[in-house]
Amino acid sequence: MSDHESTFRRAVSTLRRDPLAVIGVVVLVVLVVVGVLGPWLAPYGTNDVDVDNMLAHPSAAHPFGTDELGRDVFSRVIVAARVSLEVAVVSVGLALAVGVLIGLVAGYYRGWADNLLMRCMDVLFAFPVLLLAVAIVAVLGPGLLTAMVAIGVVYAPIFARVTRASVLSVREQVFVRAAVSIGTSDARIMRRHVLPNIAAPLIVQTSLSLAFAILSEAALSFLGLGVQPPAPSWGRMLYDGRGFVTDAWWLGVFPGAAIFVTVLAFNLVGDALRDVLDPRQLTLSEARRSTR
Amino acid sequence: MGRFVVRRLVQSAVVLLGVTLVVFLLLQLVPGDPVRIALGTRYDQGTYDALRARSGLDRPLVVQYLSYVGHAATGDLGVSFRTGQPVTTIVLERLPATLSLALTAIVLALLVAFPLGILSAVRSGSALDHAARVFSQLGVSVPDFWMGIMGILLFSGVLAWLPPSGYESLRESPAGWASHVILPAATVGLVSASILTRFIRSSVLEVLSEDFVRTADAKGLRPRVVVLRHVLRNALIPVVTVVAVQLASLLGGVIVVEVLFAWPGIGRLTYDSVQARDYPVLQGAVLLVAALFLFVNLLVDILYARLDPRISVR
């Protein structure tokens with residue numbers, strides 16, 4: 001069994017043994033199904049306005065009530081799941097790709113490349129996450145794509161740091177030195193020997209970052225800088241409903257609960273994976289890189 | 001220790017220079033002419049030319065950057081596209097509101113996290129420990145602005161105890177300030193409390209397994225004395241870092257909560273400048289926050305090295 005397979009199997013067996021992680025995985029599977037089938041599962045169109053039913057209480061016809069335009073909140077919450085998951089996956093994928101590439105080059109070659117690349121990461125690390133994301137979206141213009149890019153940029157440094165730290169220890173291993181001695185190219189060594197051996201901390205970081213990315217997207221949308229109306233997003237629904245919340249509690253409760261449950265599920269899975277795959281990864285790095 | 005401080009100072013200065021470059025480049029990333037965008041459709045050529053020249057946008061990029069850094073070093077961050085006021089004045093006017101919110105939030109967070117984290121570790125495996133772990137897991141997963149909305153719903157809507165939003169100056173009306181600050185401070189403080197609880201618990205647990213704690217136990221010291229005199233002294237050293245990092249992030253990053261509660265701090269200013277496309281103010285707010293963030297991190301590293309001499313040797 002290769003190291004890559006063993007990491008994957010350890011991850012799966014960990015998740016199966018931890019009841020909280022199982023709950024997390026089940027919730028995530030449900031969310032993915034809802035995200036994919038959302039438009040077909042929703043009982044109403046997300047932008048079907050019903051002026052006779054504005055701010056209607058939750059009922060059998062509208063389980064989560066209706067908003068200030070009479071739109072069905074349940075349908076909008078369901079369809080918005082896709083947006084949140086899409087933004088999280090694409091932005092974390094971007095952060096992973098850029099961060100791993102930078103960390104790999106910095107850790108493998110060290111020297112001036114390491115210095116230059118990691119100082120650039122330090123600069124990005126000097127900004128609070130949401131502030132930098134807001135600034136990037138502000139200059140590029142609000143929207144789904146720019147939100148994805150902004151979140152990807154702000155989370156790339158953490159992947160670069162995690163990758164570099166792991167590469168520094170792996171590159172000193174005998175199998176890497178053996179590969180160098182028989183003339184294997186750097187690119188092949190990195191791809192075939194280094195990357196599979198640093199998978200564990202990256203899997204952990206990815207699962208935790210997905211939770212942070214969902215929160216960041218919701219925050220950007222809450223500020224009107226993420227998904228643009230009339231497309232539904234949980235953050236934007238909270239923003240639009242905040243003026244009515246004391247009269248129509250459901251506008252504040254359900255979209256927020258959807259964000260909360262999704263983030264909690266990612267955190268439960270991420271924590272369980274960390275406990276087994278990378279127990280040394282400090283909570284300090286989380287504290288330094290909160291969603292604010 | 002001296003060499004460590006100098007090394008960290010130099011590193012921070014280099015990063016700060018990089019921060020100014022990123023902040024400067026933000027304006028260059030704006031598609032089109034930022035002055036034209038800021039002025040909208042109704043403006044006269046004279047106003048446009050004056051603002052463009054005053055912003056230095058008609059000069060080569062390198063000259064613009066050097067001039068930006070030079071001016072920033074003397075506290076001059078340019079002028080607002082909207083009001084023509086100096087950006088430094090605008091940003092500094094908002095600092096007290098953010099400072100008072102951040103400090104209140106961190107005090108609330110510490111009041112919750114210290115007893116909960118310590119008791120949770122000392123009584124590891126108990127019902128209290130489980131409750132503390134559930135609290136910290138829920139706290140890191142809940143969006144702070146949703147907490148805020150729920151707070152408004154309960155304390156302003158249902159109970160009518162607190163105002164839903166707004167601000168009163170601490171100097172002019174301490175009671176008014178207190179009634180307005182509770183909800184936003186509790187909202188952001190709760191997230192910090194959950195992170196701190198988790199960290200304090202793991203830090204205390206780690207020290208509890210050390211040999212010197214076992215020795216203190218073996219000597220027959222009372223458990224309270226062991227915890228207060230031996231465990232806490234050592235366990236709280238790394239906690240200092242996390243407390244300061246939380247404070248730094250509160251100082252700069254509570255944009256959403258400041259918007260939700262109409263709190264006139266740096267976060268709200270950032271949001272308003274984005275809405276008004278007032279890029280110099282946006283740049284100024286981002287630069288100030290990043291510099292504050294960097295400064296607090298530098299202080300923490302130095303303080304940490306002082307508390308734990310092993311750090312500066314590494």
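Predicted model, so just to flag it, every value in this text is computed and none were measured.

The rules behind each value
- Chains are numbered independently. Their residues run from 1 in the order of the written sequence.
- Here every chain gets a letter starting at A, and every ligand a number starting at 1, in the order they are written.
- Two thresholds apply to this predicted model, a pLDDT of at least 70 for residue-level local features and 80 or more for giving and counting side-chain atom pairs, whereas whole-chain, interface and lining totals are computed over all residues.
- Helix numbering and strand numbering both begin at the N terminus, where a helix is a DSSP run of H or I of at least 4 residues and a strand a DSSP run of E of at least 2.
- Labels follow a simple rule on C-beta atoms placed from the backbone: if 20 or more others lie within 10 Å of a residue's own, it is buried; if 12 or fewer, it is exposed; otherwise it is partly exposed.
- Contact criterion: two residues are in contact if their C-beta atoms, reconstructed from the backbone, are within 7 Å.
- Three residue categories are used. Nonpolar comprises Ala, Val, Leu, Ile, Met, Phe, Trp, Tyr, Cys and Pro, charged comprises Asp, Glu, Lys and Arg, and polar comprises the others, including Gly.
- Residue-level confidence of the predictor is what pLDDT reports, using numbers from 0 through 100.
- Lines fitted to the C-alpha atoms define the axes, with helices restricted to the stretch that makes contact. Angles between their N-to-C directions range from 0 to 180 degrees.
- Working rule for angles: under 35 degrees goes down as roughly parallel, over 145 as roughly antiparallel, 65 to 115 as roughly perpendicular, anything else as oblique.
- Crossing handedness: left-handed means the near helix sits turned counterclockwise from the far one by under a right angle, and right-handed means the same turn made clockwise.
- Helices are assigned an expected span. That span is 1.5 Å times one less than the residue count.

Here we look at the overall build of chain B
Across its full length, chain B holds 14 helices and zero strands. For chain B, the spread of C-alpha atoms along the three principal axes comes to 85 × 60 × 35 Å. Here chain B holds 314 residues, and 41% of them are scored as buried.

Describing the interface of chain B and chain A
The interface of chain B with chain A comprises 46 residues on the first partner and 38 residues on the second. When contributions to the side of chain B that touches chain A are tallied by element, the ones reaching two or more residues are helix 1 (2–29), helix 6 (127–141), helix 7 (144–158), helix 8 (174–208), helix 10 (223–253), helix 11 (255–260), helix 12 (266–275) and helix 13 (279–307) of chain B. In terms of residue class, the side of chain B that touches chain A is built from 33 nonpolar, 12 polar and one charged.

Here's the deal with the confidence of the model for chain B
When pLDDT is averaged across chain B, the result is 85; 96% of the residues are at 70 or more. Across the predicted assembly, pTM comes out at 0.85 and ipTM at 0.83.

A closer look at the packing of helix 4 (residues 111–125) of chain A against helix 6 (residues 144–170) of chain A
Helix packing for two helices is described by the angle between their axes and how far apart those axes are. All names here are of chain A. Taken N-terminus to C-terminus, the directions of helix 4 and helix 6 make an angle of 135 degrees; their axes are 9 Å apart at the nearest point. One finds that helix 4 runs oblique with respect to helix 6. Along this stretch, helix 4 crosses helix 6, giving a crossing that reads as left-handed. Here helix 4 contributes Met118, Met121, Leu124 and Phe125 to the contact with helix 6, which in turn contributes Val154, Pro157, Ala160, Arg161 and Arg164. The residue makeup of the contact of helix 4 with helix 6, split by class, is seven nonpolar, no polar and two charged.

Considering helix 4 of chain A
A rise of 1.5 Å per residue sets the reference length of helix 4 of chain A, with its 15 residues, at 21 Å; its end C-alpha atoms lie 21 Å apart and thus fit the reference within 8%. All of the buried residues along helix 4 of chain A are A:Leu117, A:Met121, A:Val123, A:Leu124 and A:Phe125. Buried residues along helix 4 of chain A sit in contact with helix 3 (73–109) and helix 6 of chain A together with helix 1 of chain B.

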